Amino acid sequence: MKKIMELSNGISMPQLGFGVFQIPTHEDAKKATLQAIKAGYRLIDTAAAYMNERAVGEAIKESGVPREDLFITTKLWVQDMGYEATQKAIDHSLARLDLDYLDLYLIHQPLNDVYGSWRAMEDAYDAGKLKAIGVANFENDRLQDLMINNRIKPMVNQIELHPFHAQFKRVQWLQKQGIVAEAWGPFAEGKQQIFSNPIIKKIAQSHEKTTGQVILRWLTQRGIVVIPKSVHEERIVENFAITDFELTALEMDMMSTLDQKQSLFGDMHDPETVVTLEKMHLDYDER
Ligand SMILES: NC(=O)c1ccc[n+]([C@@H]2O[C@H](COP(=O)([O-])OP(=O)(O)OC[C@H]3O[C@@H](n4cnc5c(N)ncnc54)[C@H](OP(=O)(O)O)[C@@H]3O)[C@@H](O)[C@H]2O)c1
């Protein structure tokens, strides 16, 4: 793994970060973010839709780590798509996080007025509010179209990536385009007993590492950015300790045999999924 990835615009992005999705309370989100920064994480991945930007902002302040040493990502939710709504959403996220710029801003879903939003993001990028811009959950064809029809090429695509959904072709194409692939759900959110999978366990034992560490290592050795989430301090620390071992080519291949070649989180191409996401109107104030 590289530790630091260089985005196509020259900005440095840590290869290992911390995700804060599905942490139910303000206090827990703040506590986990503080524990992660204390453990050494510098990339924090939140989203307006996670309803914890305020908690992350408070943790950033309390951590005492200089702003310029952190890499903060947040995302634009579906209800805020379109040029003007996106301009407002960026300012609202900045206000909730109590920051004057974001290191990375992503379109959360490839839905609604993607093009209007992208142009607002390009303008906010030019104005210095956003240091890098990108997307999440975009198929390569949608990304190609976005690139053809706009001025600034997305620097990152954050997609579902874990041993059960390895997405080799999709990642290869992104990397060929100079777009950083970032893995969401690197542990498949614990589905299918991933942490006790016999193949991953065997590899972990031979390195005296945990299965979680082997999964993160397999992804980062593929040149992918990872943002594992945990609310347990010992796991937060464990997930950060992946730089002192390396998987062999054979172990990389063994991990690749686990690929099921499909999402574990539903079908984004199902019109019903689109209806559900488009109807999901969120009040970004925290629970
Ligand atoms: N762009 C998108 O559409 C999108 C979608 C999903 C996620 N994301 C981002 O990606 C981040 C990571 O994905 P995720 O949160 O969905 O899932 P994940 O990181 O794959 O899995 C998190 C789950 O694994 C458990 N876990 C973490 N470390 C562990 C360890 N060392 N041993 C055993 N269990 C462990 C956590 O439990 P505990 O918390 O109880 O420890 C939690 O249940 C998110 O937080 C978010 O920032 C983005």
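A brief structural summary. (Residues numbered from 1 in each chain as written. Predicted model: local features only at pLDDT ≥ 70, side-chain atom pairs only at ≥ 80, totals over all residues. Heavy atoms only, no water.)

Judged by pairing direction, the sheet is parallel, and its 8 strands sit side by side in the order E3-E4-E5-E6-E7-E8-E9-E10 without closing on themselves. Whereas interior strands pair on both sides, the edge strands pair on one side only; in this sheet they are strand E3 (18-19) and strand E10 (225-226). Direction of pairing for strand E6 (residues 104-107) relative to strand E7 (residues 133-136): parallel, over a ladder of 3 bridges. Note that in E7 the partner of Ile107 across the bridge is Val135. In this fold helix H3 (residues 83-97) packs onto strand E5 (71-76) and E6, with an angle of close to 140° to the strand it touches most, E5. (Pairing = 2+ DSSP bridges. Helix = DSSP H or I, 4+ residues; strand = E, 2+ residues; numbered from the N terminus. Contact = heavy atoms within 4.5 Å. Axes fitted to C-alpha atoms, helices over the stretch in contact; angles between N-to-C directions.)

A few words now on the packing of helix H8 (residues 211-221) against helix H10 (residues 249-256). Between H8 and H10, whose axes approach to 11 Å, the crossing angle comes to 105°. Taken together, H8 and H10 sit at an angle that is classed as roughly perpendicular. Packed against H8, whose contacting residues are Val214, Ile215, Trp218 and Gln221, the element H10 presents Met252, Met255 and Ser256 at the interface. A per-class count over the contact of H8 with H10 returns 5 nonpolar, 2 polar and no charged. (Parallel < 35°, antiparallel > 145°, perpendicular 65-115°, else oblique. Nonpolar A, V, L, I, M, F, W, Y, C, P; charged D, E, K, R; others polar.)

Let's shift gears to the environment of Thr220. Mapped onto the elements of the fold, Thr220 is located in helix H8. A C-alpha to C-alpha distance of 9.8 Å links Thr220 and Thr243, two positions 23 residues apart in sequence. Here Thr220 is in contact with Met1, Gln15, Val226 and Ile242, once residues within four sequence places are set aside.

Close to the ligand lie 26 residues; Asp45, Phe187, Glu189, Ser230 and Arg235 are nearest. A distance of 2.8 Å separates an oxygen atom of the ligand from a polar backbone atom of Phe187. A total of 900 Å² of accessible area belongs to the ligand in isolation, and the protein chains cover 89% of it. Of the residues belonging to the shell around the ligand, the class tally is 12 nonpolar, 8 polar and 6 charged. (Near = heavy atom within 4 Å. Polar contact = N/O pair within 3.5 Å; in protein donor to acceptor, adjacent residues only side chain to side chain. Areas by Shrake-Rupley, 256 points an atom, 1.4 Å probe, with all protein chains shown as cover.)

For the coordinates displayed, the defined rule picks out 6 aromatic pairs. Between the aromatic rings of Tyr41 and Phe240, the centroid separation amounts to 4.6 Å while the plane-to-plane angle is 40°, which identifies the pairing as tilted. Separated by 199 residues along the polypeptide, Tyr41 in the loop between helix H1 (26-39) and strand E4 (43-45) and Phe240 in helix H9 (residues 233-240) bring together distant segments of the chain. Residue classification places Tyr41 among the buried residues on the basis of a relative accessible area of 0%. Here Phe240 falls in the partly exposed class, since its relative accessible area comes to 26%. Ring geometry for Trp184 against Phe265: centres 5.2 Å apart, planes inclined by 65°, an arrangement best described as edge-to-face. Placement of the pair is Trp184 in strand E9 (residues 180-184) and Phe265 in the loop between H10 and helix H11 (271-279), with a sequence separation of 81 residues. A relative accessible area of 27% means that Phe265 is categorised as partly exposed. An aromatic cluster is built from Phe18, Tyr41 and Phe240, whose rings are joined through pairwise contacts. Directly above the aromatic system of Tyr101 lies the positively charged group of Lys131, at a separation of 4.9 Å from the ring centroid. The lysine or arginine in question, Arg222, covers the ring of Trp218, its NZ or CZ lying 4.9 Å from the ring centre. (Phe/Tyr/Trp six-rings, centres within 6.5 Å; stacked < 30°, edge-to-face > 60°. Buried < 20%, exposed > 50% of the residue type's maximum accessible area, 1.4 Å probe, protein only. Lys NZ or Arg CZ within 6 Å of the ring centre and 35° of its normal.)

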